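A structural walkthrough
The chain contents come next:
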Amino acid sequence: AEATFGYGKGKVIGTHISQYYAGGLEEAKRVGKIIKKEGRLHFGEIDFLKKDRTIITLRMSYDLLKDNEGRMLGIVAVGKDITEKKRVEKELIQARDSLEILIEGITDPIVTTDKRGIVTSINKAITELVGYEREDAIGNHISMAYSGGMEEARKLMGILKEKGKFHGYETQFIRKDGSLFPAILSTSLLRDKSGEVIGTLGICKDITERKRLEDELKETKDFLESVIEGSIDGITVLDR
């Protein structure tokens, strides 16, 4: 506690605990009320003031101290400094908010996931493509969108871990109504400032029309070949 708050024992013992809450006496009363009613308060996140008046956040656990007759003697508190963790979480939220604003303005269908493959954001273009609204997709695993399911999702994550990104991967996606459509997927890893992988970003393109034209072209070529093979006259096919 001395190392965390910067006070020596002689400066703290005998003083009221409210001096060390960022919320002052009101916060001390609020915490005390909960402890007296419940007998404990575990894992509460509370802001405190250090000796230099900077604010730190601790995850606190409080328990009542009682004598053998059950009379309250005081409170014992154990805390873990999570200031840095909260700062990183705040930066991550801000980064995600900025990313969502950015991808929303892009016309290509885009989806982001965390490093486990859980969808964290999608833009309007992808909701129009697959029929899933944000509340349908966010929080679910990306494998729900692949016709190959979890097996395909693991395959793609393996490629990402090895290469960091890939482009032009042809696959089939599943719409909300269960229908399938062909698409090309390009995906890359998302990293934080320290280079740690925090998720993925994928851009897909519906190639239904392209595949239809390719099928029509193949059918035409097959028909032409059958006509040529079946003709008794000599035929030469020239390009333009």
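Everything that follows concerns the structure shown earlier in this document.
Read on for an overview of the structure.

Basis of the calculations
Residues numbered from 1 in each chain as written. Predicted model: local features only at pLDDT ≥ 70, side-chain atom pairs only at ≥ 80, totals over all residues. Heavy atoms only, no water. Helix = DSSP H or I, 4+ residues; strand = E, 2+ residues; numbered from the N terminus. Rg over C-alpha atoms; globule rule 2.2 N^0.38 Å. Buried < 20%, exposed > 50% of the residue type's maximum accessible area, 1.4 Å probe, protein only. Contact = heavy atoms within 4.5 Å. Areas by Shrake-Rupley, 256 points an atom, 1.4 Å probe, with all protein chains shown as cover. Lys, Arg positive; Asp, Glu negative; His and termini not counted. Charge placed at Lys NZ, Arg CZ, Asp CG, Glu CD. Phe/Tyr/Trp six-rings, centres within 6.5 Å; stacked < 30°, edge-to-face > 60°. Pairing = 2+ DSSP bridges. Axes fitted to C-alpha atoms, helices over the stretch in contact; angles between N-to-C directions. Polar contact = N/O pair within 3.5 Å; in protein donor to acceptor, adjacent residues only side chain to side chain.

Helix and strand counts for the chain stand at eight helices and eight strands. A compact globule built from 240 residues would reach a C-alpha radius of gyration of about 18 Å, whereas the chain, at 31 Å, exceeds it by more than 25%. Each principal axis of the C-alpha atoms in the chain carries an extent, and together these give about 110 × 35 × 30 Å. Residues counted as buried form 30% of the 240 residues belonging to the chain. Sequence separation of 24 or more characterises 37% of the internal contacts of the chain that already satisfy a separation of 6 or more. Carbon and sulfur atoms make up 54% of the accessible area of the chain, which totals about 16400 Å². Mean positive and mean negative side-chain charge positions of the chain (40 and 41 charges, respectively) differ by 11 Å.

Applying the stated rule across the entire model yields six aromatic pairs. Here a set of aromatic residues connected by ring pairs shows up, and it is made of F5, Y21 and F48.

Turning to the sheet that holds strand β6 (residues 165-174), a few remarks are in order. What the five strands build is an open sheet, ordered β5-β4-β8-β7-β6; its pairing is antiparallel. The strands lining the two open edges of the sheet, one partner per strand, are β5 (119-122) and β6. Across the sheet, the mean angle separating the axes of adjacent strands is 30 degrees when strand polarity is ignored. Relative to strand β8 (residues 197-206), strand β4 (residues 110-114) is paired through five bridges, and the arrangement is antiparallel. Following the sheet pairing, I110 is matched in β8 by I203. Sitting on the sheet, helix α7 (residues 149-163) touches β6, β7 (180-191) and β8, and the angle it makes with β6 is about 170 degrees.

Inspection of the sheet shows β6 paired to β7 by eight bridges, in the antiparallel sense. Each residue of the ladder has a partner; that of E170, found in β7, is I184. Linking two consecutive strands that pair antiparallel, namely β6 and β7, is a turn of five residues; a positive phi of about 95 degrees is found at G178 within it. Inspection of the sheet shows β7 paired to β8 by nine bridges, in the antiparallel sense. Looking at β8, one finds that T187 is bridged to G202. Counting the residues between successive antiparallel strands, the hairpin from β7 to β8 contains five residues, one of them, G195, with a positive phi of roughly 90 degrees.

Looking at the secondary structure, you find T171 in strand β6. Here T171 falls in the buried class, since its relative accessible area comes to 7%. Within the structure, T171 has its side chain in polar contact with the side chain of E152 (distance 2.5 Å). Excluding residues that lie within four positions of it along the chain, T171 makes contacts with Y146, E152, F181, P182 and A183.

Any link to function would need more than the numbers given here.
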